[in-house]
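Residue-level structure breakdown
Residues per chain, in single letters:
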Amino acid sequence: MLNRRILRVKAFQNLYAYEQCKASNFNLAKDQIREAFQPDLNSMEVQDKGQLKRDAAKAIEIFTNNLNKDILETDNVGNQKIVQEVKHALNYYHNANRKDFEFLSKNMITSAERLPQLYLFAIKILLAFSEHVAAEGDRKRKFTQEKIKMTQGELNLAHNKILDKIRNSAEFKSACIRHMVDLEDLELEIKEWFRDYVKPLESYQEYIKIDNPSLEEDFEIADDILKKVIFKVDAILNFFSEKDLNWTENKSIVRSLASKVLKNVKDNFEIEGEVLPEIALNWEEDKEFFQNIFNLTVQNDDDNKDLIAKRTQNWDIERIAQTDKIILSMAITEMKNFPSIPVKVSINEYIDISKNYSTPKSKQFVNGLLDVLSKELTESGQIRKSGRGLLDNK
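Residues numbered from 1 in each chain as written. Predicted model: local features only at pLDDT ≥ 70, side-chain atom pairs only at ≥ 80, totals over all residues. Heavy atoms only, no water.

Turning our attention to the nonpolar core. Nonpolar side chains in soluble globular proteins tend to be buried together. Within the largest apolar cluster, 94 residues are counted, with the highest numbers of intra-cluster contacts made by Ile 125, Phe 129, Leu 157, Ile 230, Phe 240 and Leu 262. Here the element with the most residues in this core is helix α3 (residues 80-143); it accounts for 17 residues. Membership of the second largest hydrophobic core comes to 19 residues, among which are Ala 29, Leu 52, Phe 63 and Ile 82. (Core = buried A, V, L, I, M, F, W, Y, C linked by side-chain atoms within 4.5 Å. Buried < 20%, exposed > 50% of the residue type's maximum accessible area, 1.4 Å probe, protein only. Helix = DSSP H or I, 4+ residues; strand = E, 2+ residues; numbered from the N terminus.)

To continue, consider the domain arrangement of the protein. Examined at the domain level, the protein breaks down into domain 1 (4-107), domain 2 (114-279) and domain 3 (283-380). Put simply, the middle of domain 1 and the middle of domain 2, counted by C-alpha atoms, are 51 Å apart. Each side of the interface is counted separately: domain 1 has five residues, and domain 2 has six residues. Broken down residue by residue, the surface that domain 1 buries against domain 2 is led by Ile 6, Lys 10 and Gln 13, which jointly contribute 77%. Where domain 1 touches domain 2, the interface holds three residue pairs in polar contact (both at pLDDT 80 or more). Counting residues per element, the side of domain 1 that touches domain 2 draws most heavily on helix α1 (residues 4-36), which supplies four residues. Residue classes in the side of domain 1 that touches domain 2 are distributed as two nonpolar, two polar and one charged. (Domains from an automatic or database assignment. Contact = heavy atoms within 4.5 Å. Buried area = accessible area lost by both parts, 1.4 Å probe. Polar contact = N/O pair within 3.5 Å; in protein donor to acceptor, adjacent residues only side chain to side chain. Nonpolar A, V, L, I, M, F, W, Y, C, P; charged D, E, K, R; others polar.)

This part covers the packing of aromatic side chains. Counting across every chain of the model gives 16 aromatic pairs. Seen from their ring centres, Phe 26 and Tyr 93 are 6.4 Å apart, and the 75° between their planes marks the pair as edge-to-face. Of the two residues, Phe 26 is situated in helix α1 and Tyr 93 in helix α3; the sequence distance between them amounts to 67 residues. Counting every residue linked through ring pairs, the aromatic cluster contains Phe 121, Trp 193, Phe 231, Phe 239, Phe 240 and Trp 247. Above the ring of Phe 219, the side-chain terminus of Lys 266 is found at 4.5 Å from the ring centroid. (Phe/Tyr/Trp six-rings, centres within 6.5 Å; stacked < 30°, edge-to-face > 60°. Lys NZ or Arg CZ within 6 Å of the ring centre and 35° of its normal.)

This part covers the side chain of Ser 362. Inspection of the secondary structure assignment puts Ser 362 in helix α15 (residues 362-379). Since its relative accessible area comes to 0%, Ser 362 is described here as buried. Beyond its immediate stretch of four places on either side in the chain, Ser 362 contacts Asp 324, Ser 354 and Asn 367.

Now for the packing of helix α13 (residues 322-337) against α15. Close contact between α13 and α15 brings their axes to 11 Å; oriented N to C, the two are set at 30°. With respect to α15, the element α13 is oriented roughly parallel. Here α13 and α15 pass one another in a crossing that is right-handed. Contacts between α13 and α15 pair Asp 324, Ile 327, Leu 328, Ala 331, Ile 332, Met 335 and Lys 336 from the former with Ser 362, Phe 365, Val 366, Leu 369, Leu 370, Leu 373, Ser 374 and Leu 377 from the latter. (Axes fitted to C-alpha atoms, helices over the stretch in contact; angles between N-to-C directions. Parallel < 35°, antiparallel > 145°, perpendicular 65-115°, else oblique. Left-handed = near helix turned anticlockwise from the far one by under 90°.)

Quick look at the side chain of Lys 30 now. By the element assignment, Lys 30 lies in helix α1. No salt bridge is formed by the buried Lys 30; its nearest oppositely charged neighbour, Asp 31, is found at 7.3 Å. Leave out the neighbours within four places in its chain, and Lys 30 touches Ile 60 and Phe 63. (Lys, Arg positive; Asp, Glu negative; His and termini not counted. Salt bridge = Lys/Arg side-chain N within 4 Å of Asp/Glu carboxyl O.)

A word on unusual backbone geometry. We note that Met 180 has phi near 55°; this positive angle belongs to a residue other than glycine. By secondary structure assignment, the location of Met 180 is in the loop between α5 (170-178) and α6 (187-198). Classification of Met 180 by relative accessible area gives exposed; the value is 67%.

Moving on to α5. Those residues of α5 not exposed but buried are Phe 172, Ala 175 and Cys 176. Taken down its axis, α5 places every buried residue within 100° of arc, on the same side. Within α5, the exposed residues directed more than 90 degrees away from the buried face are Ala 170, Ile 177 and Arg 178. Backbone nitrogen of Glu 171 and a side-chain oxygen of the N-cap are separated by 3.2 Å at the start of α5; the cap is Ser 169. One or two residues past the end of α5 sits Met 180, with phi positive at roughly 55°. (Arc of directions from axis to C-beta.)

Here it is in structure tokens:
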């Protein structure tokens, strides 16, 4: 399946989506309040539009101040309509957030479990291009009056050593069957994609001029087609997006996994059976980690933000990039709630996420703040590590 670095990224993406949902629900709830205090166009009575506007503003203020409180504090507001509309808005906001949380929590597992299928499809398309070249060679020899001698270069992709090893791998075949990866319905598309996008590729034209490509050259052309055709051409990207509603978020991860397959074959070419990278061995255990890091970050977000705010007194917490706040909250959650994961591992993982998914200055900001927080939380006993080699971890 997937390694924990990828799962952290997926959890981060879904936490970001959840924050966007909450912001949208917040604005919709305020719109409901404003709508409730609009003049009644069917009423024959004179209405004080100014007072209605002030009542709406007061209701929105009370609503905003009570978002995270268990008991509604109305500051002795005598206007019962204000109290009623605040209650309605709070009820809408929390119910909408709960539905979004449940959807994202469930969807992220489904989306993660689909990633192996997607990267296997990418490799399968690469193999299909290779097989198309071989089939074209056979066709030319079979259907021409004179036997045409194909040059070695024209058949290089058909004999590509990296792709041959993947094609003949029992591990790869088993994975494709298990994840239902089949391109039988794409025969025509494969021909068109090869003709329109692979063949014109400058690196491919250089590749077919080589009489006997090295393993490195075979790897380079396969990787080039993967990056410049399979993960770049709209027609092929549409194929993936039809299979995955989360393709926009998953594309970079799938591309990385597919590239890792090729590199794994090159680096372990002489080792029998080494084809697919060791992406994860214990999915049930990793799935539990995945669900917990998402759920616990949401549950502890207010406490985590208080911790962050206390250590960034020169910064308004609202001015910190949303992505940085999520990354920091995830890191604090992981350090406090996962005793078997070393603190340094957690910090390094979230610094890495900040480099790829946040602002240019996030790496230094996240690194510095997590270093300070990890020491303080360890000294206060809120971070307690257990397991071999972890009791003394700081």
